[in-house]
Amino acid sequence: RIDGRDTKTVRAIEVETGVLPKAHGSALFTRGETQALVVTTLGALRDAQLIEGLTGSSKDAFMLHYNFPPYSVGEAGFMG
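Residues numbered from 1 in each chain as written. Predicted model: local features only at pLDDT ≥ 70, side-chain atom pairs only at ≥ 80, totals over all residues. Heavy atoms only, no water.

S.K.: What's the story with the side chain of T30 in this structure? I'm lost.
M.R.: Within the element layout of this structure, T30 appears in strand β2 (residues 25-31). There is a polar contact of 3.4 Å between the side chain of T30 and the side chain of Q35. Setting aside residues no more than four positions away along its own chain, T30 makes contact with A12, I13, E14 and Q35. (Helix = DSSP H or I, 4+ residues; strand = E, 2+ residues; numbered from the N terminus. Polar contact = N/O pair within 3.5 Å; in protein donor to acceptor, adjacent residues only side chain to side chain. Contact = heavy atoms within 4.5 Å.)

S.K.: Is there a simple way to think about the sheet that holds strand β1 (residues 14-17) in this case?
M.R.: One key point about sheets: their strands pair by backbone hydrogen bonds, in either a parallel or an antiparallel sense. Spatial ordering of the open sheet is given by β1-β2-β3, a layout of three strands whose pairing is antiparallel. Of all the strands in the sheet, the pair left with one neighbour each is β1 and β3 (34-40). Neighbour-to-neighbour, the strand axes of this sheet turn through a mean angle of 15 degrees, independent of strand direction. In this sheet, β3 lies alongside β2 in antiparallel orientation, the contact comprising seven bridges. Within β3, the position partnered with L28 by the bridge is L37. (Pairing = 2+ DSSP bridges. Axes fitted to C-alpha atoms, helices over the stretch in contact; angles between N-to-C directions.)

So, in structure tokens, the structure goes:
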């Protein structure tokens, strides 16, 4: 690894909860110089994601959006 750690060493993680007061839930995870802001918002049953496929459609009440763009780790290039 670039910082000299071996592949078995795991850095400690810090967790701070309730960082966004208007969301149903939020947390900031920090490990070294990497941070992740996680936000939870609750919705009604009608807010479920509609998934359409060849065999029909279904609804999924859980949706996770994860964004890790190249520039967040110092890489240059196109997204997509």
